[in-house]
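# Observations on the three-dimensional arrangement
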Amino acid sequence: MATTTPSPLEGIKVLDFTAFEAGTVCTETLAWLGAEVWKVERPVKGEAGRYSIAHPDMDTVGFTILNMNKESITCNFKKPEGLELMKELVAKADVMVENMGPGAIERAGLGYDVCREINPRIIYTQIKGFDMGGKGRDYPAFNPIAAAMGGLAAVNGPAGGPPMQCGVNVADNASGMIAAMTVLAAILQRDKTGEGQRLEIDMQDIVIGLGRSNWEPYYNTGKPPRRVGSGMPMEDVDPCNLFPCKPFGPNDYVHIYCSRHPGSKNFDDLCRIIGHEELLDDPDMATPHERFLHRDKLYPLIEEWTSRYTKQEAMDILCKQGNIPAGAVLDVEDITNDDRFVETGTMVEQDYYGKKVRYPGFTPKMDGYKVDYRPSPALGGSNEHVYHDVLGVDDDKLAQLKKNGII
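Figured I'd write up the structure that's included with this text. (Residues numbered from 1 in each chain as written. Predicted model: local features only at pLDDT ≥ 70, side-chain atom pairs only at ≥ 80, totals over all residues. Heavy atoms only, no water.)

## Here we look at a negative patch on the surface
This is how the line gets drawn: Residues enter patches when they are more than 30% accessible in relative terms and free of salt bridges; like-charged ones are connected within 9 Å and nonpolar ones (Val, Leu, Ile, Met, Phe, Trp, Tyr) within 5 Å. Only the protein chains shown count as cover for residues, and all accessible areas are computed by the Shrake-Rupley method using a 1.4 Å probe. Salt bridge, as applied in this entry: a Lys or Arg side-chain nitrogen positioned within 4 Å of an Asp or Glu carboxyl oxygen. His is not counted, nor are the chain ends, whereas Lys and Arg count as positive and Asp and Glu as negative. Charged groups are reduced to one reference atom each: NZ for lysine, CZ for arginine, CG for aspartic acid, CD for glutamic acid. Here a helix means four or more residues in a row that DSSP labels H or I, a strand means two or more in a row labelled E, and each is numbered from the N terminus. Using a 1.4 Å probe on the protein chains alone, a residue whose accessible area is under 20% of its type maximum counts as buried, one over 50% counts as exposed, and one in between counts as partly exposed.
A surface patch of negative charge is lined by E384, D389, D394, D395 and D396. Structurally, D394 is set in the loop between α17 (383–390) and α18 (395–403). Owing to a relative accessible area of 44%, D394 belongs among the partly exposed residues under this scheme.

## Looking at the environment of I122
Filter applied, for reference: Note on contacts: a residue pair qualifies if any of its non-hydrogen atoms lie within 4.5 Å across the two residues.
Tracing the sequence through the fold places I122 in the loop between α5 (112–118) and β5 (123–128). On the basis of relative accessibility, which here comes to 0%, the residue I122 falls in the buried class. Ignoring sequence-local partners within four residues, the contact set of I122 consists of V90, A93, D94, V95, M96, C115, R116, G196 and Q197.

## Brief notes about the sheet that holds strand β9 (residues 326–328)
Within a sheet, neighbouring strands are paired by backbone hydrogen bonds and run either parallel or antiparallel to one another. Note the cut-off: Two strands qualify as a pair provided that DSSP identifies no fewer than 2 bridges between them. Axes here mean lines fitted to C-alpha atoms, for a helix over just the part in contact, with angles spanning 0 to 180 degrees between N-to-C directions.
One open sheet holds the three strands; their spatial order is β7-β8-β9, and the pairing between them is antiparallel. A strand with exactly one partner marks an edge of an open sheet, and here the two such strands are β7 (240–244) and β9. Along the sheet, successive strands turn relative to each other by an average axial angle of 20°, direction set aside. Sheet analysis places strand β8 (residues 253–257) next to β9, joined by three bridges and oriented antiparallel. Bridging across to β9, I256 finds its partner in A326. Along the sheet, helix α14 (residues 311–322) contacts β8 and β9; its crossing angle with β9, the most-contacted strand, is approximately 160°.

## Concerning α17
Quick reminder of the rule: Taken from the helix axis, the directions to the C-beta atoms give the arc we talk about.
Of the residues making up α17, those classed as buried are N383, V386, Y387 and V390. Projected onto a plane normal to the axis of α17, the buried residues spread over an arc of 120° and lie on a single side. Exposed and oriented more than 90 degrees from the buried face of α17 are E384 and D389. Note on α17: the residue one or two positions beyond its end, G392, has a positive phi of about 80°.

## Observations regarding the packing of helix α3 (residues 80–92) against α17
In a packed pair of helices, the relevant descriptors are the angle between the two axes and the axis-to-axis distance. Cut-off, in case you're wondering: In what follows, roughly perpendicular refers to angles from 65 to 115 degrees, roughly parallel to angles under 35, roughly antiparallel to angles over 145, and oblique to any angle outside these ranges. Here the term charged refers only to Asp, Glu, Lys and Arg, the term nonpolar to Ala, Val, Leu, Ile, Met, Phe, Trp, Tyr, Cys and Pro, and the term polar to all other amino acids, Gly among them.
Here α3 crosses α17 at 75°, and the two axes come no closer than 11 Å. By the angle between their directions, the pair α3 and α17 is classed as roughly perpendicular. The residues of α17 that touch α3, namely those facing L85, M86, L89 and K92, are V386, Y387 and V390. Of the residues that constitute the contact of α3 with α17, the class distribution is six nonpolar, no polar and one charged.

In structure tokens, the structure reads:
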């Protein structure tokens, strides 16, 4: 639904040199908030994320998810004419975002010093794997590398097993969203100072920050946190785990967690609901830690109860009858097919080559603004608007630039 009020970033222009995920999440978030985002792509080929070997004539689902509400322009800025076009757009832009490989944007002639000289108000945003002043500044990085280097893999995985990566691209997505947040802060600061600045978002650093709660067990024990599977990382307490539900498919589980804090009645209520109130008089069940030590006695009783219900039914009973923290394990199919997520705006419907699909959208809720979602752009679909309307390039020059492979 289109909004009748001005968008938060109305009038803000973003020059977008991003690809794949971390950078595209940042610029898509800015686009959802109303910024005019000029996504720069290679002539003919476009961003590498557009294409797959299986369907070379179609944009990938991944590309369409990550590039909604943007405008696509093509430019070979490795050629002098193309570089000059980009410099002209730098002069018009409020924000520039790039997540190229180490040193690539500088070698292309669009480093911060160059862009600041052209436009002192530019908010020049770089998303990299590692600190650009550190020893890893020249190392390539994708999501799993940053996750490993940021401490995520070290705490993820089954107890006693090897480190394990996460099934969600946490490093990419969190870096992109925090980059967007930092851009917004820089815009506010520019309103006060009149000056732009360079922003550096390092994926390793972002993952380190996301894991801040892991420092509690580290300082309590003097050792890095152990892997605990679905257990509580900060402390050995129970119940805190996944329990099977019917019809016993690969994701038919409910996570049950009884608070470890004194005064909580979660475990008392759980025992009542599953029909085993005798556990309340069992010294092996007296504390969350005792229950952890004797979970081989506790878990079968909980599993026997959860196995009578679907994951949704088990969650509803526990939450409604006992206010017990419980969550069904929802997979992508569950979420996609739940109309409630479309009604709340968590998921948005888009057209994908003639069929309706649902993608995650802008999840924060704002009373004064609702995103007017637009599909991902066709390659070079905004060349005329940006080059002709914004830069004033005439039709003959545009035709020559296309003939020469610049756009």
